[in-house]
Amino acid sequence: MTTPEFRDRYFEEYVLGETANGGTRVIETADIARFADLTGDHHPAHTDPGYAEPKFGSVIAHGVLTFGVVVGLTVEYNGRAVAYGYDRIRFPRPVRPGDTVRATAEVVDLAEHRNPGIGLVTKQYTGVNQRGDTVLACTHVLAVDRMPHTEEPNE
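Small disclaimer: the values here were computed from a predicted structure and weren't measured. (Residues numbered from 1 in each chain as written. Predicted model: local features only at pLDDT ≥ 70, side-chain atom pairs only at ≥ 80, totals over all residues. Heavy atoms only, no water.)

Enquirer: Please explain the packing of aromatic side chains as it appears in this structure.
Expert: In this description, an aromatic ring pair is defined by two values, namely the gap between the centres and the angle between the planes. The tally for this structure, following the rule as stated, stands at two aromatic pairs. Plain terms: the ring middles of F6 and Y77 are 5.3 Å apart, the flat faces sit at 65 degrees to each other, and that makes the pair edge-to-face. Here F6 is found in the segment before β1 (19-26), whereas its partner Y77 is found in the loop between α4 (63-74) and β2 (81-90), with 71 residues between them in sequence. Under the relative-accessibility criterion, F6 is labelled exposed at 57%. Ring centres of F67 and Y86 lie 5.0 Å apart, and the angle between their planes is 85 degrees; on these two criteria the pair is classed as edge-to-face. Here Y86 lies in strand β2 and F67 lies in helix α4, a separation of 19 residues in the sequence. Looking at R9, its charged tip hangs above the ring of Y14, at a distance of 3.8 Å from the centre. (Phe/Tyr/Trp six-rings, centres within 6.5 Å; stacked < 30°, edge-to-face > 60°. Helix = DSSP H or I, 4+ residues; strand = E, 2+ residues; numbered from the N terminus. Buried < 20%, exposed > 50% of the residue type's maximum accessible area, 1.4 Å probe, protein only. Lys NZ or Arg CZ within 6 Å of the ring centre and 35° of its normal.)

Next comes the structure, spelled out in structure tokens:
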């Protein structure tokens, strides 16, 4: 695993419509089992093949596991940005063991904030499986430092 590279990027450096490919991750049965143990969510859709197979064809990943993977694959290591929130999180298709999740991010909004020192960058995160089916869609709002203003000297 490579060490992530942090860089400083100000609000004014974002461009509406810019996209980033976040990479891929294969979701394994063991990932789903570990997530169930970590969170305590042992719903049979995630842990019991006898329950899950008639409904879904196999056990399925927790939606929050899928969300975490897509967020992790798309995270931007910007020392000037912090997560402000996530909105409209949807799981239109289940993720099954062996599925490869591919993540992308697109800047869909740039907005002012009541604090003049920051701006809000909204990114659309999308996760798709190896068949191109969307398995996660959400927006991520980042609070990003604005460039400092330099005062012009009085002449």
